[in-house]
Amino acid sequence: MSIDWLEELSLRVDRGEEFFACPGTGRNEWFVSTDLGDLRIKAQRTANAQRYDAGLYRLVNKGDVTGEDGFLVVRSIMDPGGRGEPNLKWCLVDTKEAADMLRDVSQGPSPFFGAVLEETFSPSKTRHAKDNSQP
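The following paragraphs examine the structure supplied in this document. (Residues numbered from 1 in each chain as written. Predicted model: local features only at pLDDT ≥ 70, side-chain atom pairs only at ≥ 80, totals over all residues. Heavy atoms only, no water.)

### Details of the overall build of the protein
Each helix and strand in the protein was counted, giving three helices and six strands. Projected onto the principal axes, the alpha-carbon positions of the protein cover approximately 70 × 40 × 25 Å. Taken over 135 residues, the protein has a buried fraction of 36%. For the protein, the proportion of contacts with a sequence separation of at least 24, taken over those separated by at least 6, is 63%. Looking at the protein as shown, the accessible area adds up to about 8400 Å², and 46% of this sits on carbon and sulfur atoms. The positive charge centre, built from 17 side chains, and the negative charge centre, built from 22, are 8 Å apart in the protein. (Helix = DSSP H or I, 4+ residues; strand = E, 2+ residues; numbered from the N terminus. Buried < 20%, exposed > 50% of the residue type's maximum accessible area, 1.4 Å probe, protein only. Contact = heavy atoms within 4.5 Å. Areas by Shrake-Rupley, 256 points an atom, 1.4 Å probe, with all protein chains shown as cover. Lys, Arg positive; Asp, Glu negative; His and termini not counted. Charge placed at Lys NZ, Arg CZ, Asp CG, Glu CD.)

Structural data, given as structure tokens:
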């Protein structure tokens, strides 16, 4: 169940295990993983698809957040996917109060995480225009 996965993630983050997150191309879609290399690829793909900067965040205990950090919150816990994978809709907010108000409470108050910006990925500069010049 998705809430179980989320609670386990919270315990692991609180124990100091390193987890990272980046937005996906879908609305409220985020990827969470320990594999920083894989998330870098996904963050760049998101930046290219959305045509704006995408951040890569380190998840921390919500009590360890400083003023410039944010919070990653689960807005909606949905039925698990076909293979039992968690199906969550996320959002990034600036304050602990906003995180507390926006988190999903359908199965009890869901945990939320401090989010520290580690890297920013800008859209790749590629040429998509046709060359209409005459020889």
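The discussion continues.
### Remarks on the sheet that holds strand S1 (residues 20-23)
Here six strands make up an open sheet; going across it, the order is S2-S1-S3-S6-S4-S5 and the pairing antiparallel. With partners counted over all chains shown, the strands left at the sheet margins are strand S2 (30-33) and strand S5 (87-93), one partner each. Taking each pair of neighbouring strands and ignoring which way they run, the sheet shows an average axis angle of 35°. Direction of pairing for S1 relative to S2: antiparallel, over a ladder of four bridges. (Pairing = 2+ DSSP bridges. Axes fitted to C-alpha atoms, helices over the stretch in contact; angles between N-to-C directions.)

### Regarding the side chain of Ser 110
Tracing the chain through its elements places Ser 110 in the loop between helix H3 (96-102) and strand S6 (113-121). Those residues in contact with Ser 110 that sit more than four places away from it in its chain are Ile 3, Leu 6, Val 74, Ile 77, Arg 103 and Asp 104.

### Side note on unusual backbone geometry
The backbone phi angle of Asn 28 is positive, close to 60°, even though this residue is not glycine. When you line up the elements, Asn 28 lands in the loop between S1 and S2. The class of Asn 28 is partly exposed, set by a relative accessible area of 32%.

### Details of the pairing of S6
Pairing geometry for strand S3 (residues 54-60) and S6, over seven bridges, is antiparallel. The residue bridging Leu 59 from the neighbouring strand is Ala 115, located in S6. One ladder, built from three bridges, connects strand S4 (residues 70-78) with S6; its direction is antiparallel. Counted as the bridge partner of Leu 72 is Phe 113 from S6.

### Observations regarding the state of the cysteines
In the structure shown here, the tally under the stated rule is zero disulfides. Here Cys 22 stays free of any disulfide, with the sulfur of Cys 91 as its closest cysteine sulfur at 16 Å. (Disulfide = S-S within 2.5 Å.)

### So, helix H1 (residues 2-14)
Taking 1.5 Å as the rise per residue, H1 with 13 residues should run 18 Å; its terminal C-alpha atoms sit 18 Å apart, in good agreement. When we look at burial in H1, the residues that qualify are Ser 2, Ile 3, Leu 6, Leu 9, Ser 10 and Val 13. Relative to the axis of H1, the buried residues are bounded by an arc of 120° and lie together on one face. The elements touched by buried residues of H1 are S2, S3, S4, S5 and S6. (Expected span 1.5 Å × (residues − 1). Arc of directions from axis to C-beta.)

### Thoughts on the nonpolar core
If you look at the biggest cluster of nonpolar residues, it comprises 16 residues, and the most contacted ones within it are Leu 6, Leu 59, Leu 72, Trp 90 and Phe 113. For this core, the secondary structure elements donating two or more residues are H1, S3, S4, S5 and S6. A total of four residues in this core trace back to one element, the largest contributor, which is H1. Once residues within four sequence positions are removed from consideration, Leu 59 is found in contact with Leu 9, Val 13, Phe 19, Ala 21, Val 32, Leu 72, Phe 113 and Gly 114. Counting 10 residues, the second largest nonpolar core, distinct from the first, contains Val 65, Val 73, Ala 99 and Val 116. (Core = buried A, V, L, I, M, F, W, Y, C linked by side-chain atoms within 4.5 Å.)

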